[in-house]
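# Structural overview
Chain by chain, the residues:
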Amino acid sequence: MSGQVKYTLDETQIPKFWYNIVADLPAAPHPVLHPGTKQPVGPSDLEPLFPMELILQEVSTERQIEIPEPVRDIFRMWRPSPLIRARRLEKALDTPAKIYFKYEGVSPAGSHKPNTAVPQAWYNKEAGVKKLTTETGAGQWGSALAFAGSLFDIDVTVFQVRVSYDQKPYRRALMELYGARCIPSPSNETESGRAVLVEHPDSPGSLGIAISEAVEVAAKNADVKYALGSVLNHVMLHQTIIGQEAIQQFELAGDDPDVLIACAGGGSNFAGLAFPFLGLQLRGGRKRRVIAVEPAACPSLTRGKFAYDFGDTAHLTPLVKMHTLGSTFIPPGFHAGGLRYHGMGPLVSHLYDLGLIEARAYHQIPCFEAGVQFARAEGIVPAPESTHAVRCAIDEALRCKAEGKSETIVFNLSGHGHFDMGAYISYFAGNLVDQNYDEGELAMALAGLPSVAAQ
């Protein structure tokens with residue numbers, strides 16, 4: 001086996017601007033609505049939760065937004081991240097396809113999440129904010145914001161979904177190591193948490209519930225702001241540094257991807273890889289297949305409804321139009337906690353509705369099978385969320401083998417699984433099961449969607 005494996009950029013080549021796909025969309029995204037008036041929200045409606053600079057990014061239609069130099073300086077700790085040719089996996093699959101992956105597990109927190117945690121913390125620091133609250137599933141986002149908070153002397157409180165809090169104690173320990181406080185959700189610390197516990201004392205929790213708790217704390221305390229690790233436009237914007245680097249790296253490789261793949265829960269790492277490539281396409285470049293991969297037990301794109309819905313369970317957030325399973329839907333407690341969200345980010349949902357991207361759903365056992373196969377070939381243990389992308393990439397490579405096609409495939413390896421070994425232990429012990437959502441509960445959740453006039 002020969003040929004280059006890693007394609008790396010110099011620190012001076014870290015992008016200086018984030019890419020905003022809104023500028024190139026063939027149809028404008030649907031407006032965010034006030035839950036009371038059902039009218040489009042204004043900046044003042046969001047000020048209790050976010051600093052103004054992030055609000056302006058949320059609604060921006062500019063194609064490029066400059067990355068502050070202090071943020072780029074911190075990015076140098078791990079960026080640019082490598083683009084790696086998975087030559088050993090190609091050989092193991094005996095496929096004519098070329099497989100690459102963008103590896104985001106090189107960050108201090110072990111995932112792509114610091115790409116937005118650092119700028120969010122910086123903008124809050126510039127606005128004089130000293131306390132942030134947030135939610136997390138598997139803990140990738142919580143540990144990233146805890147890391148960012150430690151850099152800017154900001155107190156961080158994280159509401160972690162109860163099932164993940166119990167499954168992933170080392171991720172919780174990492175948050176505490178960085179100085180954050182980690183609370184299992186639903187908790188007795190908020191009205192929304194207590195309301196869930198009264199009805200479901202043994203609730204496994206969900207990202208929707210944890211968001212309600214975090215938003216409630218921020219809304220009730222003038223000195224606290226809220227930070228979100230996925231879903232919103234400004235989060236997608238910050239992650240586009242991934243795809244922009246990948247475009248440069250493919251130029252170094254003398255190659256160009258035919259198929260782009262990433263796991264998707266709220267959609268941030270998917271957007272990070274895919275949006276810059278989709279931007280090239282929307283501005284007249286070649287068409288590529290772009291696949292968002294989600295868990296079969298929480299399939300918002302492949303099974304959800306494209307409708308206005310709340311981003312949280314207690315209905316404290318504005319209404320956004322997204323592919324949703326209903327804000328009261330609580331997914332089973334599968335191990336990819338970062339993908340256990342009832343809705344998909346509005347921009348990703350909009351792209352899916354426009355037919356610009358595909359979606360695919362997998363159960364967790366075939367994903368773990370792919371994660372093990374990848375680790376044994378390439379040496380990197382993928383996070384449970386990332387195994388969804390690995391599964392899809394392997395399936396696409398096997399399709400190329402069956403069809404005799406030499407296509408170029410790239411996927412985003414959004415994080416490592418070093419804090420998720422309990423899940424792998426369960427897999428090897430045969431204790432993992434492919435969980436299905438309850439059709440009746442899904443029907444009830446969808447029936448409860450808010451009534452909104454056509455926008």
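Everything that follows concerns the structure shown earlier in this document.
Before going into details, it helps to say that this report is about the structure given with it. (Residues numbered from 1 in each chain as written. Predicted model: local features only at pLDDT ≥ 70, side-chain atom pairs only at ≥ 80, totals over all residues. Heavy atoms only, no water.)

### Remarks on helix 6 (residues 140-152)
Between the first and last C-alpha of helix 6 there are 19 Å, a value that for 13 residues agrees with the 18 Å anticipated at 1.5 Å per step. With eleven of 13 residues buried, helix 6 lies mostly within the body of the structure. Along helix 6, the positions that sit buried rather than exposed are Gln140, Trp141, Gly142, Ser143, Ala144, Leu145, Ala146, Phe147, Ala148, Gly149 and Phe152. On its buried face, helix 6 is in contact with helix 3 (69-75), helix 5 (114-126), strand 6 (131-136), strand 7 (155-161) and helix 8 (169-177). A positive phi of about 55 degrees marks Asp153, the residue just after helix 6. (Helix = DSSP H or I, 4+ residues; strand = E, 2+ residues; numbered from the N terminus. Expected span 1.5 Å × (residues − 1). Buried < 20%, exposed > 50% of the residue type's maximum accessible area, 1.4 Å probe, protein only. Contact = heavy atoms within 4.5 Å.)

### Thoughts on the sheet that holds strand 11 (residues 289-295)
If you trace the seven strands from one edge of the open sheet to the other, you get 1-4-5-15-10-11-14, paired in mixed fashion. Bordering the open sheet on either side are strand 1 (6-7) and strand 14 (358-362), each of which pairs with just one other strand. Of the strand pairs in this sheet, strand 5 (residues 98-103) and strand 15 (residues 408-413) are connected by six bridges, and their pairing is parallel. Bridging across to strand 15, Tyr103 finds its partner in Leu413. Strand contacts of helix 13 (residues 268-282): strand 10 (259-263), strand 11 and strand 15, with the helix running at about 160 degrees to strand 10, the strand carrying the most contacts. (Pairing = 2+ DSSP bridges. Axes fitted to C-alpha atoms, helices over the stretch in contact; angles between N-to-C directions.)

### Concerning helix 15 (residues 346-353)
Burial analysis of helix 15 places six of its eight residues in the buried class, the great majority of the element. Pro346, Leu347, Val348, Ser349, His350 and Leu351 are the residues of helix 15 that are buried. Considering only its buried residues, helix 15 is in contact with helix 11 (233-239), helix 13, helix 14 (300-303), strand 12 (305-310) and strand 13 (319-324). Following helix 15 by one or two positions, Gly355 adopts a phi angle in the positive range, close to 80 degrees.

### What about empty space enclosed by the protein?
Over the atoms a probe the size of a water molecule is rolled, and this reveals where empty space is left. Within the structure shown, the criterion is met by three cavities of 30 Å³ or more. Put simply, the largest cavity is a space of about 370 Å³. In this structure, the largest cavity is lined by 31 residues; those nearest its centre are Lys113, Ser230, Gly266, Gly338 and Leu339. For the lining of the largest cavity, a count of residues per class yields eleven nonpolar, 17 polar and three charged. Taken as a whole, the second largest cavity encloses approximately 90 Å³ of empty space. (1 Å grid on protein atoms, 1.4 Å probe; cavity = no way out; pocket = protein on both sides within 12 Å on 5 of 7 lines; lining within 4 Å. Points joined across faces, edges and corners; volume = space filled by probe spheres on them. Nonpolar A, V, L, I, M, F, W, Y, C, P; charged D, E, K, R; others polar.)

### Some words on the pairing of strand 7
Of all seven residues making up strand 7, five are buried, and the element is well covered by its neighbours. Where strand 6 and strand 7 come together, six bridges link them in parallel fashion. The partner of Lys131 across the bridge, within strand 7, is Asp155. Handedness of the crossover joining strand 6 and strand 7 through helix 6: right-handed. Pairing of strand 7 with strand 8 (residues 181-185) involves five bridges; the strand directions are parallel. Its bridge partner lying in strand 8, Val158 is registered against Cys182. (Right-handed = clockwise from strand over helix to strand, strands pointing away.)

### Points about the sheet that holds strand 9 (residues 224-226)
Read from one edge to the other, the open sheet built from four strands follows the order 8-7-6-9, with strand pairing classed as parallel. At either margin of the open sheet sits one strand with a lone partner, and together these are strand 8 and strand 9. On average, each strand axis in the sheet is tilted by 25 degrees relative to the strand beside it, whichever way the strands run.

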